[in-house]
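Structural characterization, general
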Amino acid sequence: MTTAAPVIASAPGKLFLIGEYAVLEGAPAILTAVDRRARVTLTDSDDGRWHLTAPNLDIHRLALGVDGRAAMDVNDGLRDRLRVYQAVQTHVAAYLELPLPPLEVHIDTTDFARDGHKLGLGSSAAVAAALTRALLARAGVEVAPARLAELAIAAHRDAQGGTGSGGDVATAVYGGIISYTRDHSPTPLTWPTGLTGVAVVTGTGASTTDLVGRVYAYGQQDSAGFASDIGRLAALAENAAGDLGQAARFVQLAREYFEALIALDHHAKAGIVSARHRQLHAAAAHHGAVFKSSGAGGGDVGLLFTTPNVDETALRGDFDAAGAEIIELGFAAPGVALETAPGGNARAHAATDERGLR
């Protein structure tokens, strides 16, 4: 029996620059892919059974059923950790309409954690993109990025109980910097001259589904207030793609957007904006810079935007004194890539990688 060569696919994490929460209601968002990658390795099983290993989820060679799915009687904790895998496997199987051979599936998301805590860079979305790409490749099926994104977004959304804009998955598929509107193909953007953006560790991670759930609970309790808050965010997000072309305007937009997020969070009592966020926002403002939360917020990473007139040395000194760690991430990283394909051919959907963007 001939054993197929291993398939290795990887996909980047993401950061929301502008548009979080408003994107859930149809407004555009701007996201960047970052150079932290999820990697999925598929090898043929040597015992005729599917197995799954995901060390960061404390899953070690879990035996799966003949169709690649977990047994129905797994405990709730394990079922929760398997949500993305299960959803992707189900969607890809339905798309292929033919069974894959038993596989050893290895999922590595080491890049997305720091000191054992998730950074909030979209690890599950990156896994959804990479696993979808790898399973299709093992079946010998090539699809366009738009179709790959459609499959991965649908699976990831199912894994999140129907929530999620799909922006994080689209970023993982396409890479680069994109403007994304829910359920539409993204538009590629370029980073403006004179704008510097860096990521800042603000906590120990937060549950996106929990935070989004609290925001929508607010919407059920006060529909008019919710519409007003989201409308303010959406109006700002509509200007984001144009303002990204001018550093000073984008910094001002980021400031206004974060203030609108603070208002939404105050009304929803969701926990999007933490005391640490407020402290860092004030410290950045003192230097003429802007700090804002990114994505769902909570304890995930935030973003610090500066322009050439800012004394970055003094600013970083104040952030260091406040106990905030700036982490060096490459922005506009390549999208999902098939690193090792049958026959040794390597493919990628994106080929840009900009570090130290200014």
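As a starting point, this report considers the structure included with it. (Residues numbered from 1 in each chain as written. Predicted model: local features only at pLDDT ≥ 70, side-chain atom pairs only at ≥ 80, totals over all residues. Heavy atoms only, no water.)

Right, let's talk about the sheet that holds strand β13 (residues 325-327) for a bit. Strand order across the open sheet formed by four strands is β11-β12-β10-β13, with antiparallel pairing between neighbours. The sheet terminates laterally at β11 (290-293) and β13, the two strands that pair on one side only. Between one strand axis and the next, the sheet turns through 35° on average, direction left out of account. Where strand β10 (residues 196-201) meets β13, three bridges bridge the pair, whose relative direction is antiparallel. Residue pairing for β13: Ala199 is matched across the bridge by Ile327. (Pairing = 2+ DSSP bridges. Helix = DSSP H or I, 4+ residues; strand = E, 2+ residues; numbered from the N terminus. Axes fitted to C-alpha atoms, helices over the stretch in contact; angles between N-to-C directions.)

Within the structure shown, the criterion is met by 16 salt bridges. Ionic pairing is found between Asp44 and Arg138, a salt bridge with its closest N-O pair at 3.1 Å. Taken as a pair, Asp44 in strand β2 (residues 29-44) and Arg138 in helix α3 (residues 123-138) lie far apart in primary sequence, 94 residues in all. Notably, a salt bridge pairs Arg157 with Asp183, separated by 3.2 Å at the nearest N-O pair. Separated by 26 residues along the polypeptide, Arg157 in helix α4 (residues 145-159) and Asp183 in the loop between β8 (177-180) and β9 (187-189) bring together distant segments of the chain. By relative accessible area, which is 15% here, Arg157 ends up buried. A single salt-bridge network, built from bridges that share partners, covers Asp46, Asp47, Arg61 and Glu104. (Salt bridge = Lys/Arg side-chain N within 4 Å of Asp/Glu carboxyl O. Buried < 20%, exposed > 50% of the residue type's maximum accessible area, 1.4 Å probe, protein only.)

The next subject is helix α10 (residues 275-286). Counted at 1.5 Å a residue, the expected span for α10 with its 12 residues is 16 Å, and the 17 Å between its end C-alpha atoms agrees. The complete set of buried residues in α10 reads His277, Leu280, His281, Ala283 and Ala284. Here the buried residues of α10 occupy an arc of 165° about the axis, which is enough to place them on one side. Along α10, the residues that are exposed and aim more than 90 degrees away from the buried face are Ala275 and His286. Structurally, α10 contributes buried residues whose contacts are with β10, α9 (247-268), β11, β12 (302-306) and α11 (312-321). Following α10 by one or two positions, Gly288 adopts a phi angle in the positive range, close to 80°. (Expected span 1.5 Å × (residues − 1). Arc of directions from axis to C-beta. Contact = heavy atoms within 4.5 Å.)

Looking now at the nonpolar core. In this structure, Leu15, Tyr21, Val105, Leu135, Leu233, Leu264 and Phe305 are the most contacted members of the largest nonpolar core, which totals 108 residues. With near-sequence residues (within four places) excluded, Tyr21 lies in contact with Leu211, Val212, Val215, Ile230, Leu233, Leu261, Leu264, Ile272, Gly295 and Ala296. Counting 14 residues, the second largest nonpolar core, distinct from the first, contains Val198, Phe291, Val310 and Ala322. (Core = buried A, V, L, I, M, F, W, Y, C linked by side-chain atoms within 4.5 Å.)

At a minimum axis separation of 9 Å, α3 and α4 run at an interaxial angle of 125°. Judged on the interaxial angle alone, α4 and α3 are oblique. Taken as a pair, α3 and α4 cross one another with a handedness that is right-handed. From α3, Ser124, Ala125, Ala128, Ala129, Thr132, Arg133 and Leu136 reach across to α4, where they touch Leu148, Leu151, Ala152 and His156. For the contact of α3 with α4, the class distribution of residues is seven nonpolar, three polar and one charged. (Parallel < 35°, antiparallel > 145°, perpendicular 65-115°, else oblique. Left-handed = near helix turned anticlockwise from the far one by under 90°. Nonpolar A, V, L, I, M, F, W, Y, C, P; charged D, E, K, R; others polar.)

Moving on to the pairing of strand β3 (residues 51-54). Burial of the side chains of β3 extends over both faces: His51 and Thr53 are buried on one face and Leu52 and Ala54 on the other. The pairing of β3 with strand β5 (residues 103-108) spans three bridges and is parallel. Within β5, the residue paired with Leu52 across the bridge is Val105. When β3 meets strand β4 (residues 59-63), the two strands line up antiparallel, connected through three bridges.

For the structure shown, the criterion picks out five aromatic pairs. Where Tyr216 meets Phe226, the ring centres are 5.5 Å apart and the plane angle is 45°; that geometry is what we call tilted. With a gap of 10 residues between them, Tyr216 in helix α6 (residues 208-221) and Phe226 in helix α7 (residues 223-238) connect regions that are remote in the sequence. Its relative accessible area of 10% is what places Phe226 among the buried residues. An angle of 70° between the planes, with centres 6.2 Å apart, marks the rings of Tyr218 and Phe226 as edge-to-face. By relative accessible area, which is 5% here, Tyr218 ends up buried. An aromatic cluster of at least three residues, connected via ring pairs, comprises Tyr216, Tyr218 and Phe226. (Phe/Tyr/Trp six-rings, centres within 6.5 Å; stacked < 30°, edge-to-face > 60°.)

Structural measurements only, silent on function.
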